[in-house]
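# Results of the structural survey
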Amino acid sequence: MSLCSRCGAAFGCAMADGGDGPCWCTQLPPVVPVPNVAGTDVPGAGTGAGVETACWCPACLKAHIDERSRSERTD
C-alpha cells in the first residue's frame, strides 16, 4: 500500500507497490508528471518495488484534475 502525499490516505499504486499491470492513474488525463524519485526520502510517500514515489490517491488526483479543468476554462 502507498500513502497519498496530499491527504495521507492509503491506496494502491501499481508503480510503487509492484503491480503486474499499469497503475489506475494511467487511465486519467496526464495533468501532472508521474513522480519517480528513487532513492530519495519523500515524506508520506508510498514504498514498494524499490521505488519511492509521491503519488496522490484517486480522490486527490481526480480533485486536482477537476480544479485544473475549471481554472483552464476560466482563463
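The structure contained in this document is the topic of the report that follows. (Residues numbered from 1 in each chain as written. Predicted model: local features only at pLDDT ≥ 70, side-chain atom pairs only at ≥ 80, totals over all residues. Heavy atoms only, no water.)

Tallying secondary structure elements over the protein gives two helices and four strands in all. Listing each helix as α and each strand as β along the protein from the N terminus yields β-β-α-β-β-α. Each of the 75 residues in the protein was classed as buried or not, and the buried ones make up 24%. Across the protein, contacts joining residues at least 24 apart in sequence account for 56% of those joining residues at least 6 apart. (Helix = DSSP H or I, 4+ residues; strand = E, 2+ residues; numbered from the N terminus. Buried < 20%, exposed > 50% of the residue type's maximum accessible area, 1.4 Å probe, protein only. Contact = heavy atoms within 4.5 Å.)

Considering all chains together, one arrives at one salt bridge under this definition. Across the pair Arg6 and Glu67 runs a salt bridge, and its minimum N-O distance is 3.6 Å. Separated by 61 residues along the polypeptide, Arg6 in the loop between strand S1 (2-3) and strand S2 (10-11) and Glu67 in helix H2 (residues 58-74) bring together distant segments of the chain. (Salt bridge = Lys/Arg side-chain N within 4 Å of Asp/Glu carboxyl O.)

Within the secondary structure, His64 is located in helix H2. Ignoring any residue separated from it by four or fewer positions in sequence, one finds His64 in contact with Arg6, Val31, Val32 and Trp56.

Considering all chains together, one arrives at one aromatic pair under this definition. On the numbers, 6.3 Å between centres and 80° between planes, the contact of Phe11 with Trp24 is edge-to-face. Taken together, the positions of Phe11 in strand S2 and Trp24 in the loop between helix H1 (14-17) and strand S3 (47-48) put the pair 13 residues apart, joining distant regions of the chain. By relative accessible area, Phe11 is classed as buried at 6%. (Phe/Tyr/Trp six-rings, centres within 6.5 Å; stacked < 30°, edge-to-face > 60°.)

We now examine the nonpolar core. Counting nine residues, the largest nonpolar core is built from Cys4, Phe11, Cys13, Ala14, Ala16, Cys23, Cys55, Cys57 and Cys60. The residues contacting Cys60, other than those within four sequence positions of it, are Cys4, Arg6 and Cys7. (Core = buried A, V, L, I, M, F, W, Y, C linked by side-chain atoms within 4.5 Å.)

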